[in-house]
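Inside the fold
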Amino acid sequence: MGMGIDSRNQMAKRAAEEIANGMVVNLGIGIPSLVPNHLSKGTKVMFHAENGITGMGPSPIKGEEDENLCNAGGFPITLNSGGSYCDSAIAFGMIRRGRVDITILGSLQVSQYGDLANWIVPGKKVPGMGGAMELAQKAKKVIVVMSHCDKQGKPKIVSNCSLPLTSAACVDLIITDLAVFKVTEEGLLLTELFAPYNLDYVMNKTGCEFKICENVRKLSY
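A short tour of the structure in this document, coming up. (Residues numbered from 1 in each chain as written. Predicted model: local features only at pLDDT ≥ 70, side-chain atom pairs only at ≥ 80, totals over all residues. Heavy atoms only, no water.)

Concerning the environment of Leu 79
As for its position among the elements, Leu 79 is in strand β4 (residues 79-85). Spatially, the C-alpha atoms of Leu 79 and Ser 59 are 9.3 Å apart, while their sequence positions differ by 20 residues. Aside from chain neighbours lying at most four places away, what touches Leu 79 is Ile 53, Thr 54, Gly 55, Gly 57, Leu 69, Ser 84 and Tyr 85. (Helix = DSSP H or I, 4+ residues; strand = E, 2+ residues; numbered from the N terminus. Contact = heavy atoms within 4.5 Å.)

What follows is the structure, given as structure tokens:
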């Protein structure tokens, strides 16, 4: 059973706290696409898409979509004042030159070392890795938003990824529907808990050991 919209929005709202004025931010499909709805009022951000857009605006009103204007996931978008178009080569050039401040991605697994596995589901056809490999390596900060467990109830935060890696040791912050973890040189550090969950519950749902911050922040949006 999938997550409800409330859980998705609380993760997106927490991820939005990482975005500062003037940043260039790349959003993955799914939960990351909800992040713009939760930015602080007055925050000026340039949202970047691999298909060649910098300065994406909010989703268009139903019936006012432009069939030629979509994000990298194929969903209709608008363009903010000052936004621009380019081809995919230039869009990826921006990524590879380190011009993206933050990328917010979904994932299938993340290891205790910050390894990212988010591009293939075994047994299912996929179009390819897309821009995740470049983003994971070149964005200044990599944030993962995902459910804490998969549909079978198995942990998605693990000691070592069993799925093919997108990129090794690249994730800086993990935000799930249960908690928030920083990836440090010493391993994972739990810094925040979403209400109503407690530490024991999160430990039982996590597939690796982690340290706990002295002052765990309780999140209730």
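Things to note about the pattern of salt bridges
Working definition: two side chains of opposite charge can pair if their charged atoms are close together. Scanning all chains against the criterion turns up 8 salt bridges. For the salt bridge of Glu 17 with Arg 217, the shortest nitrogen-to-oxygen distance reads 3.0 Å. Here the residue Glu 17 occupies a position in the loop between α1 (5-16) and β1 (24-27), and Arg 217 occupies one in strand β13 (residues 211-219), the gap between them amounting to 200 residues. The class for Glu 17 is partly exposed, based on a relative accessible area of 38%. Given a relative accessible area of 35%, Arg 217 falls into the partly exposed group. Between Lys 141 and Glu 18 there is a salt bridge whose closest N-O contact spans 2.5 Å. (Salt bridge = Lys/Arg side-chain N within 4 Å of Asp/Glu carboxyl O. Buried < 20%, exposed > 50% of the residue type's maximum accessible area, 1.4 Å probe, protein only.)

With respect to the sheet that holds strand β9 (residues 157-158)
The 3 strands lie next to each other as β7-β6-β9, forming an open sheet whose pairing is mixed. A single partner strand is all that each edge strand has here, and the edge strands are β7 (116-117) and β9. Examined bridge by bridge, strand β6 (residues 109-111) and β7 share 2 bridges and lie antiparallel to one another. Across the sheet, residue Gln 109 finds its bridge partner in β7, namely Ala 117. (Pairing = 2+ DSSP bridges.)

Focus: α1
Taking 1.5 Å per residue, 12 residues should reach 16 Å; α1 reaches 16 Å between its end C-alpha atoms and fits that length. Among the residues of α1, those classed as buried are Gln 10, Met 11, Ala 12, Arg 14, Ala 15 and Ala 16. Each element contacted by the buried residues of α1 is listed here: β5 (102-105), β8 (141-145), β10 (173-175), β11 (179-184), β12 (187-194) and β13. (Expected span 1.5 Å × (residues − 1).)

So, helix α2 (residues 88-96)
Those residues of α2 that sit buried are Ala 91, Phe 92 and Ile 95. An end-on view of α2 places all buried positions within 90 degrees of arc, on one side of the element. Here the buried face of α2 lies against β2 (46-49) and α3 (132-138). Downstream of α2 by a residue or two, Gly 98 has a phi angle that is positive, lying close to 80 degrees. (Arc of directions from axis to C-beta.)

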